[in-house]
Amino acid sequence: MKPNVKNLYVVTEKFEQFGISYALGGSGLLYSLGLTTSVSDWDVMTEATKDSVMNALQNYEVEETISGDYPYGTEYKLLVHNKNPKVEIIGRLAIHTNKGLCRMPSISVSEWNGIQVASPEVWYVAYALMNRKEKADLLLSFLKGKGANKETIKILMNEPLSDEIIK
């Protein structure tokens, strides 16, 4: 069954209207690549400030949620449309490693159904750092078949990645 994208469109259209760059990540990214058949939620990542996002979504009910305990270092996390699949906005995604705070850049590399889609390289690293091995392995296999974006890899290599990721 196809996941409902109505609430996702509401958020992304407002972001575009307000000039906020974003990228669909998480299970939405996996779904857009054909690597999964379901979406648990729509993860929309952005580098925009929380105030900018709140301004864009001022006519909607937005709930600030906890972005997670250590090792998460994300600046903010917002929940919009608390219906499955819900829309979560991840502001400046970051994860602590044994070498420091690793920032996951919000890089849009493609479009799926009119929605900007995040870098699979970024989400491979994010999933690996979150110890979500199954999802990381799906993306690694995809990247091995397709080839990884060298510019994105260069950006990620400037972050304090753990040794397991670099191998």
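The shown structure was predicted, so the numbers you read here are calculated from the model rather than taken from an experiment. (Residues numbered from 1 in each chain as written. Predicted model: local features only at pLDDT ≥ 70, side-chain atom pairs only at ≥ 80, totals over all residues. Heavy atoms only, no water.)

Student: What's the story with the pattern of salt bridges in this structure? I'm lost.
Tutor: Opposite charge on two side chains makes pairing possible when the charged atoms of those side chains draw close. Tallying each qualifying case throughout the model produces 6 salt bridges. A salt bridge links Glu75 to Arg92; the shortest N-O distance between them is 3.1 Å. Residue Glu75 is located in the loop between β3 (62-65) and β4 (76-80), and its partner Arg92 is located in the loop between β5 (86-91) and β6 (94-97); the two are separated by 17 residues in the primary sequence. You can call Arg92 partly exposed: its relative accessible area is 26%. Here Lys77 makes a salt bridge to Glu88, at a shortest N to O gap of 3.5 Å. With Lys77 in strand β4 and Glu88 in strand β5, the pair connects residues that are 11 residues apart, well separated along the chain. On the accessibility criterion, Glu88 (11% relative accessible area) is buried. (Salt bridge = Lys/Arg side-chain N within 4 Å of Asp/Glu carboxyl O. Helix = DSSP H or I, 4+ residues; strand = E, 2+ residues; numbered from the N terminus. Buried < 20%, exposed > 50% of the residue type's maximum accessible area, 1.4 Å probe, protein only.)

Student: What is the right way to read the layout of surface pockets from this model?
Tutor: Gaps left between atoms show up when a probe the size of a water molecule is rolled over them. Here the largest pocket defines a volume of roughly 300 Å³. Lining the largest pocket are 19 residues, with Tyr72, Lys77, Ile90, Met130 and Arg132 sitting closest to its centre. For the lining of the largest pocket, the secondary structure elements donating two or more residues are α2 (26-32), β2 (41-46), β5 and α4 (120-129). (1 Å grid on protein atoms, 1.4 Å probe; cavity = no way out; pocket = protein on both sides within 12 Å on 5 of 7 lines; lining within 4 Å. Points joined across faces, edges and corners; volume = space filled by probe spheres on them.)

Remember, this is a structural readout, not a statement about activity or role.
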